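# Summary of the model geometry
One letter stands for each residue in the lines below.
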Protein chains: 2
Amino acid sequence: MSTAASPLRPRKQPVQDRSRLTVDAIHVATIQVLAREGIARCTTTRVAERAGVSVGTLYQYYAQREAMLAAALERHMKRISGAVEEACATWHGKTLEEMVTGLVHAFLAAKFENAEESRSLYAVAETYGGNQQMEQARLRIRGCLAAMLASARDVRIADIDTAVSFFHIALMAPARARLVGELKEMPETMFEENVVRLLLGYLRALPQD
Amino acid sequence: MSTAASPLRPRKQPVQDRSRLTVDAIHVATIQVLAREGIARCTTTRVAERAGVSVGTLYQYYAQREAMLAAALERHMKRISGAVEEACATWHGKTLEEMVTGLVHAFLAAKFENAEESRSLYAVAETYGGNQQMEQARLRIRGCLAAMLASARDVRIADIDTAVSFFHIALMAPARARLVGELKEMPETMFEENVVRLLLGYLRALPQD
DNA sequence: TCAGAACCTGAAGGTTTCTTCATATATCAT
DNA sequence: ATGATATATGAAGAAACCTTCAGGTTCTGA
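Residues numbered from 1 in each chain as written. Chains lettered and ligands numbered in written order. Predicted model: local features only at pLDDT ≥ 70, side-chain atom pairs only at ≥ 80, totals over all residues. Heavy atoms only, no water.

### Things to note about the domain arrangement of chain A
Residues and elements named next belong to chain A. Here chain A is described as being made up of domain 1 (17-66) and domain 2 (69-204). Each partner contributes residues to the interface: domain 1 has 13 residues there, and domain 2 has 14 residues. Carbon and sulfur atoms supply 64% of the area that domain 1 and domain 2 bury against each other, a total of about 1,200 Å² over both sides. The interface formed by domain 1 and domain 2 holds 2 salt bridges in total. Arg-36 serves as the salt-bridge partner of Glu-116, at 3.2 Å between the closest nitrogen and oxygen. At the junction of domain 1 with domain 2, the criterion picks out 5 residue pairs in polar contact (both at pLDDT 80 or more). (Domains from an automatic or database assignment. Contact = heavy atoms within 4.5 Å. Buried area = accessible area lost by both parts, 1.4 Å probe. Salt bridge = Lys/Arg side-chain N within 4 Å of Asp/Glu carboxyl O. Polar contact = N/O pair within 3.5 Å; in protein donor to acceptor, adjacent residues only side chain to side chain.)

In structure tokens, the structure reads:
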């Protein structure tokens, strides 16, 4: 379980409070610059300036610009995976409807708690979406979902793997659409209601066994 | 209906065959460089080299790098919108199940006909997703979908606008997931079948009137 | 208190990229 | 055939970027 020395991995872990603050500031600044300037202009210089530190300092923690971006994405993913994991545990063994309702609520809450962060990081995920960190996070989420769905009290799904794949996609996609501004005019209640409908409709249309 | 002089719009239209070939070559090269190098390294120099023309030539048709990328995206979107439009017309007035089955098949065929192009352009759409061209294409597709769904012989959906929003999202998302490699192990038939299930499940879970 | 570790700074070298323009060639209409 | 138009070329200036490193400051433990 060692932290492999990849150029995409953080270079040095902060040990004093001072540097912990620095790393936090860099993370916040990364999101802000990403949101205001776009990924192409999210440079080490700009982020450092926004964070109120020198470029040199930034490079002490991230060997390259990419590592800085990847770190921001990873921090976000951990938050979301955690929320999903927790929700899956909470609703384990319940009804399909209870599960979906509860999970959707928890997921959307986590995703929209910091909407700007979520939105900005899509561009980063686009670029680093194929790397191991991302793949691992995806697998972790899929694992939770599979365990939960398999434990449904009222329904026994035949092909869990396929179900989880589509469930996952249909859970993420509406959130993304809303975050990038496609559904902003829709009231939040109606939005959430329809996400539930989409997922539940799919699951119920699935062959049982 | 004039072509506004924006730096993102093509600079000059080709009039001779010679230049038409050039513009085509640039389009193809853009996709290739995008696929092999990523959007950050998809530069005017690289694209021109790949296309077998000089940078100067490229700048004769696109005032900036961004315009070149936007043009590639637009060409793709026109193809897809066209396919959707045609399918919507074909299945107008049919059963909900016929519609969804037919549309999904047509859409996936169009989207996967040139999978590399589709996949590569997600990164571009991420950056230029909010601009007018994109918004217009989205509205056009939504219009077709709305007209088709409203004409369903067997079902009368209460809130078409909401239904179309989610339908649109649930149609695009699985294709995207598969294109970026998330569902590559799933057989094509099963994939398509589940997209239909997702959409049909949603529509049937919708309140009627 | 003091040495060593942790942390910070920012100027500067080396690249890459964007974009233009003066020049040259190809095509078309007459 | 020839002038006008369309198209192509690629060297080069300017700007932005990435990253390092030598030197300075702050903290911590003994």
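After that view of the structure, there is still more to cover.
### Notes on the side chain of A:His27
On the secondary structure map, A:His27 appears in helix α1 (residues 17-37). Apart from the residues lying within four places of it in its own chain, the contact partners of A:His27 are A:Ala72, A:Arg75 and A:Glu117. (Helix = DSSP H or I, 4+ residues; strand = E, 2+ residues; numbered from the N terminus.)

### Side note on the interface of chain A and chain B
On the chain B side, the residues contacting the 28 residues of chain A number 28 residues. Across the chain A/chain B interface, buried area totals approximately 2,500 Å², and carbon plus sulfur atoms make up 71% of it. Where chain A packs against chain B, one counts 4 salt bridges. A salt bridge links B:Arg176 to A:Glu126; the shortest N-O distance between them is 2.7 Å. Viewed at the interface, chain B and chain A are joined by 6 residue pairs in polar contact (both at pLDDT 80 or more). Broken down by secondary-structure element, the contributors of at least two residues to the side of chain A that touches chain B are α6 (115-128), α8 (160-179) and α9 (188-204) of chain A.

### Notes on the protein's contact with DNA strand D
Around DNA strand D lies a shell of 23 residues, among which A:Tyr59, A:Arg65, B:Ser19, B:Thr22 and B:Thr57 are the nearest. B:Thr57 places a side-chain nitrogen or oxygen 3.2 Å from a phosphate oxygen of DNA strand D. Among the residues making up the surface near DNA strand D, the classes are represented as 6 nonpolar, 11 polar and 6 charged. (Near = heavy atom within 4 Å. Nonpolar A, V, L, I, M, F, W, Y, C, P; charged D, E, K, R; others polar.)

### A word on the nonpolar core
Membership of the largest hydrophobic core comes to 86 residues, with the highest contact counts inside it found for A:Leu103, A:Leu149, A:Leu203, B:Leu103, B:Leu149 and B:Leu203. Tallying contributions element by element places helix α8 (residues 160-179) of chain B first for this core, with 11 residues. When sequence neighbours within four positions are dropped, the list of residues in contact with B:Leu203 reads B:Leu96, B:Val100, B:Leu149, B:Ile157, B:Phe167 and B:Gln208. (Core = buried A, V, L, I, M, F, W, Y, C linked by side-chain atoms within 4.5 Å. Buried < 20%, exposed > 50% of the residue type's maximum accessible area, 1.4 Å probe, protein only.)

### Observations regarding the protein's contact with DNA strand C
Near DNA strand C lie 23 residues; those nearest to it are A:Ser19, A:Thr22, A:Gly56, B:Tyr59 and B:Arg65. Across the atoms of DNA strand C situated within 4 Å of the protein, the share located in sugar and phosphate is 70%. In the environment of DNA strand C, a sugar or linking oxygen lies 3.4 Å from a nitrogen or oxygen atom belonging to the side chain of A:Arg18. Of all elements in the fold, only α1 and α3 (55-61) of chain A together with α2 (44-51) and α3 (55-61) of chain B reach the threshold of two or more residues within the surface near DNA strand C. Examining the composition of the surface near DNA strand C, we find that 4 residues originate from one element, α3(A), more than from any other. Within the surface near DNA strand C, the residues separate by chemical class into 6 nonpolar, 11 polar and 6 charged.

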